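Survey of secondary and tertiary structure
Here is how the chains run, residue by residue.
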Amino acid sequence: MNRTATIFAVIAISVASAGAGVAYAQMKQDGGMMKMDGMNHGGMAMGEMTGASKAYMDAMQKMDAEMGAMKMTGKPGVDFAMMMIPHHQSAIDMAKAYLASDDKDSELEEFAKEIVAGQEPEIAFLKRWLEKNGG
């Protein structure tokens, strides 16, 4: 898969998994059982997760909580920068969890390292930009 296709795949997975994060949070509150519209979907209980899988879900929940708690300013640039910080941090947290896992796929390791190396400076840029631009 070329780099552009990989990036689009990661974005698609991130968007799709945002819904999974909400479901995961609900399942944790409901004792591991998915409940929708007042119904208990016992067949949708979460299986055991690896440490990495739990870290991915925790990172997504943290991102969702931070983004959901943000008060929009009405300034597109400021709002964009504020929302991108937890989004990028979540990617970094997931990448670090993958790197700490027992899975040793060289392509994914390289990709995870690129995420950390690329997005840490982007978060620093966004924070500096917000300081200069009233964020």
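Owing to the predicted nature of the structure, the values given are computational and were not obtained by experimental measurement.

**Here we look at the pattern of salt bridges**
Charged atoms that come close allow side chains of opposite charge to pair. One pass over the full model with this rule turns up 4 salt bridges. The salt bridge partner of Lys 62 is Glu 66, with a shortest N-O separation of 3.8 Å. In this pair, Lys 62 and Glu 66 both sit in helix 2 (residues 51-69), 4 residues apart, roughly one turn of the helix.

**Some points on helix 2**
The terminal C-alpha atoms of helix 2 lie 27 Å apart, and with 19 residues this matches the ideal 27 Å at 1.5 Å per residue to within 8%. Inspection of helix 2 places Ala 52, Met 57, Ala 59, Met 60 and Met 63 among the buried residues, and these make up the whole buried set. Buried residues of helix 2, seen end-on, are gathered within an arc of 155 degrees and therefore sit on one face of the element. Opposite its buried face, helix 2 presents the exposed residues Gly 51, Gly 68 and Ala 69, each directed more than 90 degrees away.

**Concerning the nonpolar core**
With 15 residues, the main nonpolar core has Ile 85, Ala 95, Leu 126 and Leu 130 as its most contacted residues. For this core, the secondary-structure elements that each account for two or more residues are helix 3 (76-100) and helix 4 (106-132). Ranked by residues supplied to this core, first place goes to helix 3 with 8 residues. Setting aside residues up to four positions removed in sequence, Ala 95 forms contacts with Ala 112, Ile 115 and Val 116.

**Points about the confidence of the model for the protein chain**
Here the protein chain averages 77 in pLDDT, while 64% of its residues score no lower than 70. Here strand 2 (residues 39-41) stands out as the element of the protein chain with the lowest mean pLDDT, 36, in contrast to helix 4, whose mean of 97 is the highest. Across residues 4-45 the pLDDT falls below 50, and counting only partners more than four positions away or on other chains, this stretch makes 43 contacts in the model.

Calculation rules
- Residues numbered from 1 in each chain as written.
- Predicted model: local features only at pLDDT ≥ 70, side-chain atom pairs only at ≥ 80, totals over all residues.
- Heavy atoms only, no water.
- Salt bridge = Lys/Arg side-chain N within 4 Å of Asp/Glu carboxyl O.
- Helix = DSSP H or I, 4+ residues; strand = E, 2+ residues; numbered from the N terminus.
- Expected span 1.5 Å × (residues − 1).
- Buried < 20%, exposed > 50% of the residue type's maximum accessible area, 1.4 Å probe, protein only.
- Arc of directions from axis to C-beta.
- Core = buried A, V, L, I, M, F, W, Y, C linked by side-chain atoms within 4.5 Å.
- Contact = heavy atoms within 4.5 Å.
- pLDDT = per-residue confidence, 0-100.

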